[in-house]
Amino acid sequence: MFLQYGEAGVFQKFTSVVLKCINSSEDSLCVNGRDTANPKFYNMTLGSRYGCLAMNPTLSPTSSPSPTAPTPSSSHGVGVGTMVIVILLSGIILYCGVGCLFHRTVNGAQGTDQIPHYAFWSSIPGLIKDGWLFATERCRQKKDPEGYDSL
């Protein structure tokens, strides 16, 4: 097993753990320490009967209780992408809610008239269609049989 740890993608220290098969009920951990060639490397040897399971399936690891391994937990919390989505959705909800409330109370609007910037939002599908047609127009043009482009 090879572990790397450091700050945000910059690995500053490396740990090498060698799992050694021993036929004993007690586990042993031998910390060899730093590598003389590179002081950022730490070497350890872990001797355990659990290392023998792949080679000898007759050994039962359940014969004696073992300590429970800690469950991996995320130390990073919420990611950047999640925060962007939460902020974006919160902004949209706030924009629509405050805009509708403003148009209803100040202007006395009802129905679709209370949606903020309704004319802009209703024109979006047509603008998307126009943009798509403009972008794909070159692909659909047919050339004149004589080889001249049509005007």
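So, how was this worked out
- Residues numbered from 1 in each chain as written.
- Predicted model: local features only at pLDDT ≥ 70, side-chain atom pairs only at ≥ 80, totals over all residues.
- Heavy atoms only, no water.
- Helix = DSSP H or I, 4+ residues; strand = E, 2+ residues; numbered from the N terminus.
- Buried < 20%, exposed > 50% of the residue type's maximum accessible area, 1.4 Å probe, protein only.
- Contact = heavy atoms within 4.5 Å.
- Areas by Shrake-Rupley, 256 points an atom, 1.4 Å probe, with all protein chains shown as cover.
- Pairing = 2+ DSSP bridges.
- Phe/Tyr/Trp six-rings, centres within 6.5 Å; stacked < 30°, edge-to-face > 60°.

(A) Representation of the overall build of the chain in the model. Per the secondary structure count, the chain includes two helices and four strands. When each of the 151 residues of the chain is scored for burial, the buried share is 9%. Within the chain, counting contacts between residues at least 6 apart in sequence, those at least 24 apart form 35% of the total. In the form shown here, the chain has an accessible surface area of approximately 12,800 Å², with 64% of it arising from carbon and sulfur atoms.

(B) Spotlight on the pairing of strand β3 (residues 28-34). Summarising the sheet, β3 and strand β4 (residues 41-48) pair through six bridges and their orientation is antiparallel. When the sheet's bridge partners are listed, R34 is paired in β4 with Y42.

(C) Layout of the packing of aromatic side chains. On inspection of all chains with the given rule, the structure shows two aromatic pairs. Of the aromatic side chains, those joined through ring pairs into one cluster are Y95, F120 and W121.

Treat this as a map of the structure, not an account of what it does.
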